[in-house]
Amino acid sequence: MDEKFYSNIKVVDSIKKDGFTVEIVEYNHLKGSKDASLAEDLFYIQNAGMSLKMVKVTLKNSGLVTESGALYFHKGNIEAVSNIGGVSGLAKKLIKSKLSNESTFKPLYKGTGEIFLEPSFSHYIIMNLENESIVVDKGIFYCCEEGMEIGVATQKNLSSGLLGGEGWFQTQISGTGIVVLEIPVPMEEVLKYELDNERMQVDGNFALLRSGSVNFSVQRSSKQLLGSMTSGEGLLHTFEGKGQVWLAPTQPVYNLLKRRGIPQMGTAGKNINNST
């Protein structure tokens, strides 16, 4: 093991099971620039609290499915395996890709060794599913253990399809295994709710994922039209049933900062747009 390299990174999250280990590694410092302007950018990044991360997967006679283009390098007895599934399989993948906004081809790497996925300043979460399914926001699937099913969840009613902000289709991940998602906010800013045959309503599109057992619809904030008008709210994303819902409450704030800057935050409570 290269001690100098590993002394400059730390593992911020991990899950280990027989033959399959996922680690989110984070660089402590980036100090390799000899260009003054780039060094200034690195100084800003460091002081802004941004950190470069990589997803590392260790395989032992197992397999990893990734988003297309995510591979950075691998070491060991690992080979890329075609999982197209013939002409019919290709057609299904093309349809799923179009509907869910995920890449058409998801490479499968099998064998024994280490895989590093591309470094970025993104945020990641690791989940271990046990014969269950989750419905996730479009585009946040990153990689998973071989054997998981990456499919399409269809909105079950007219309101959610037309007004939910996600269209008629979302990505559904099912089965037993480890999944890594690339999320828009740090994990410390994700609020996890466990619904027990309850209802939760959200004013905006900042739910990252929900259990497959949780129903989603778009409803008025009040059953009476006058009630919706006087509450100041209109249509709300509604989650009902038994299971988990993960929210990213700070995501709309970051979107507003990116579009309008800090001065607009003084009236964010009135003007913030919660759609993504």
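A brief structural summary. (Residues numbered from 1 in each chain as written. Predicted model: local features only at pLDDT ≥ 70, side-chain atom pairs only at ≥ 80, totals over all residues. Heavy atoms only, no water.)

Some points on the layout of surface pockets
Part 1 of the argument: In this structure, the largest pocket spans a volume of roughly 500 Å³.
Part 2 of the argument: Taken together, 17 residues form the lining of the largest pocket, with Gly49, Lys53, Phe121, His123 and Pro186 sitting closest to its centre.
Part 3 of the argument: Split into classes, the residues belonging to the lining of the largest pocket amount to 10 nonpolar, three polar and four charged. (1 Å grid on protein atoms, 1.4 Å probe; cavity = no way out; pocket = protein on both sides within 12 Å on 5 of 7 lines; lining within 4 Å. Points joined across faces, edges and corners; volume = space filled by probe spheres on them. Nonpolar A, V, L, I, M, F, W, Y, C, P; charged D, E, K, R; others polar.)

Quick look at the environment of leucine 236
Part 1 of the argument: Tracing the backbone shows leucine 236 in strand 13 (residues 235-247).
Part 2 of the argument: Once the C-alpha coordinates of leucine 236 and serine 217 are considered, the two residues, 19 residues apart in sequence, prove to be 8.4 Å apart. (Helix = DSSP H or I, 4+ residues; strand = E, 2+ residues; numbered from the N terminus.)

Things to note about unusual backbone geometry
Part 1 of the argument: At asparagine 61, a position not held by glycine, the phi torsion is positive, near 55°.
Part 2 of the argument: Residue placement: asparagine 61 occurs in strand 3 (residues 53-66).
Part 3 of the argument: We note that asparagine 197 has phi near 55°; this positive angle belongs to a residue other than glycine.
Part 4 of the argument: Within the secondary structure layout, asparagine 197 lies in strand 10 (residues 191-202).

Quick notes on helix 6 (residues 251-260)
Part 1 of the argument: Taken residue by residue, helix 6 has Gln251, Pro252 and Leu256 as its buried positions. Within helix 6, the buried residues cover an arc of 135° as seen down the axis, which keeps them to one side.
Part 2 of the argument: Just downstream of helix 6, glycine 261 is the residue with a positive phi angle, here 90°. (Buried < 20%, exposed > 50% of the residue type's maximum accessible area, 1.4 Å probe, protein only. Arc of directions from axis to C-beta.)

Some words on a nonpolar patch on the surface
Part 1 of the argument: A grouping of Tyr254, Leu257 and Ile262 is seen on the molecular surface, where their side chains present a nonpolar patch of about 290 Å² in accessible area.
Part 2 of the argument: Here tyrosine 254 lies in helix 6.
Part 3 of the argument: Classification of tyrosine 254 as partly exposed rests on a relative accessible area of 36%. (Patch = residues over 30% accessible without salt bridge, like charges linked within 9 Å, V, L, I, M, F, W, Y side chains within 5 Å. Areas by Shrake-Rupley, 256 points an atom, 1.4 Å probe, with all protein chains shown as cover. Salt bridge = Lys/Arg side-chain N within 4 Å of Asp/Glu carboxyl O.)

What to know about the packing of aromatic side chains
Part 1 of the argument: Counted by the stated rule, this structure contains six aromatic pairs.
Part 2 of the argument: Judged by centre distance (5.1 Å) and plane angle (85°), the ring pair of phenylalanine 5 and tyrosine 6 falls under edge-to-face.
Part 3 of the argument: Taking 4.8 Å as the distance between ring centres and 20° as the angle between the ring planes, the aromatic pair formed by phenylalanine 73 and phenylalanine 116 counts as stacked. Of this pair, phenylalanine 73 sits in strand 4 (residues 71-81) while phenylalanine 116 sits in strand 5 (residues 108-117); the two residues are 43 residues apart in sequence, bridging distant segments of the chain.
Part 4 of the argument: Taking the relative accessible area as the measure of exposure, phenylalanine 73 reaches 40% and is therefore partly exposed. (Phe/Tyr/Trp six-rings, centres within 6.5 Å; stacked < 30°, edge-to-face > 60°.)

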